[in-house]
Amino acid sequence: MFKIVRREEMAQGTVILNEIEASLIARKTKPGQFIILKANETGERIPLTVAEMDPEKGTITVIYMVVGKSTALFRDLKVGEGYQDVIGPLGKPTHIEKLGKVVCVGGGTGIAVLHPITRALKEIGNEVICIVGARSKDLLIMEELMRTASHKLHICTDDGSYGHHGFVTDVLRQVLEENDVKLVVGIGPVPMMKFLSQVTKEYQVNTMVSLNPIMIDGTGMCGGCRVTVGNETKFACIDGPEFDGHEVDYDELMLRLQAYQEDEKQSYEEYCTLTGISP
Ligand code: FAD
Ligand code: FES
Ligand code: MG
């Protein structure tokens, strides 16, 4: 068992942090890599990015949004309990390079995925401008951590309850107008990454996005995570999860993510009925 040693709730309990004992994974993981977790014998295999690794303590941290049955099952695990299986690190680490000015854009729990990448880009000597967004102030996560990981932090909320009233792409456009930006890293909901990539294409700035297709084995065997990038089929689990944002077929990715929506809804409702927790 991989024991949970710390558990925190964020964004009004919709986002959960679990610090998990997994010393071998903690030693090997690099920014941008992910793990696959199973809560119990019959549980689904769920991919989550390693948001933090502490090789000395032998722990890794995941931060996830509760969106369905398996993430609800994870949410209900207490400190001292644990995951039956944790596999990883998987995927290619982020290519971290000194380029000059870079912009890191995160939306929703994409901010958790972006945090170790932002920190590594700053540590290697880049000037890092960060833009983070959430639907409202209450749903914004990791503000102080992102402030420390970057040189400048812009905040956006869809409802205007905090920071800029509007989307991260509005602020991104302004930042690209005023700065000589060498790279944009964008991680968040698929529509956000799609529109962000359209903006950066206009300004001809290299763009990296992290894709989250449905994954099963995570090791290149099932084909479940296939995405089209530059008219070629790629497996996000072994060729990614990061890709050139200008080359991704986002519409296909969105369709494939919805493929099991009815079954997912039903299994979440059954889990809520069984546990007596309201969805
Ligand atoms: P469901 O109700 O089963 O699904 C909700 C939606 O999640 C689905 O419509 C589908 O779009 C997606 N989904 C379902 N099953 C899978 C699956 N096996 N693999 C991928 N997506 C699935 N989320 C976070 O909140 N934090 C992270 O750090 C994070 N990192 C990820 C890293 C990678 C490489 C990938 C591929 C996904 C990541 N995700 C992350 C998304 C997370 O895996 C899904 O939200 C989760 O699997 C949903 O499972 P569920 O049973 O709770 O919800
Ligand atoms: Fe099976 Fe990528 S998850 S090939
Ligand atoms: Mg599921």
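Scroll up for the structure.
Definitions and limits used
Residues numbered from 1 in each chain as written. Chains lettered and ligands numbered in written order. Predicted model: local features only at pLDDT ≥ 70, side-chain atom pairs only at ≥ 80, totals over all residues. Heavy atoms only, no water. Salt bridge = Lys/Arg side-chain N within 4 Å of Asp/Glu carboxyl O. Buried < 20%, exposed > 50% of the residue type's maximum accessible area, 1.4 Å probe, protein only. Pairing = 2+ DSSP bridges. Helix = DSSP H or I, 4+ residues; strand = E, 2+ residues; numbered from the N terminus. Near = heavy atom within 4 Å. Polar contact = N/O pair within 3.5 Å; in protein donor to acceptor, adjacent residues only side chain to side chain. Nonpolar A, V, L, I, M, F, W, Y, C, P; charged D, E, K, R; others polar. Contact = heavy atoms within 4.5 Å. Axes fitted to C-alpha atoms, helices over the stretch in contact; angles between N-to-C directions.

Chemist: Help me get a handle on the pattern of salt bridges, residues and values and all.
Modeler: Enumeration over the complete set of coordinates arrives at 13 salt bridges. Here Arg-75 and Asp-76 are joined by a salt bridge, their closest N and O atoms 2.9 Å apart. Residue classification places Arg-75 among the buried residues on the basis of a relative accessible area of 15%. Its salt-bridge partner being Asp-180, residue Lys-182 comes within 3.1 Å of it at the nearest N-O pair. Classification of Asp-180 as exposed rests on a relative accessible area of 53%.

Chemist: Could you give an account of the sheet that holds strand β1 (residues 2-10), naming the residues involved and the relevant values?
Modeler: The five strands lie next to each other as β5-β6-β2-β1-β7, forming an open sheet whose pairing is antiparallel. Each having just a single partner strand, β5 (52-54) and β7 (82-83) make up the two edges of the open sheet.

Chemist: Tell me what's going on with the site of ligand 1, and back it up with residues and numbers.
Modeler: Around ligand 1, a shell composed of 23 residues is seen, among which Pro-47, Met-65, Thr-71, Met-215 and Glu-264 lie nearest. Note that a nitrogen atom of ligand 1 is positioned 3.0 Å from one of the backbone N or O atoms of Ile-63. One of the side-chain N or O atoms of Glu-264 is found 2.8 Å from an oxygen atom in ligand 1. For the shell around ligand 1, the element with the highest residue contribution is strand β4 (residues 46-49), accounting for four residues. Split by residue class, the shell around ligand 1 holds 13 nonpolar, six polar and four charged.

Chemist: So, the sheet that holds strand β12 (residues 164-165): which residues are in play, and what are the values?
Modeler: Read across the open sheet, the seven strands follow the order β12-β11-β10-β9-β13-β14-β17; overall the sheet is mixed. In this open sheet, the two edge strands, each paired with only one partner strand, are β12 and β17 (242-244). Set on the sheet, helix α3 (residues 110-123) makes contact with β9 (101-107), β10 (127-134), β13 (181-187), β14 (206-210) and β17; between it and β9 the angle comes to about 165°.

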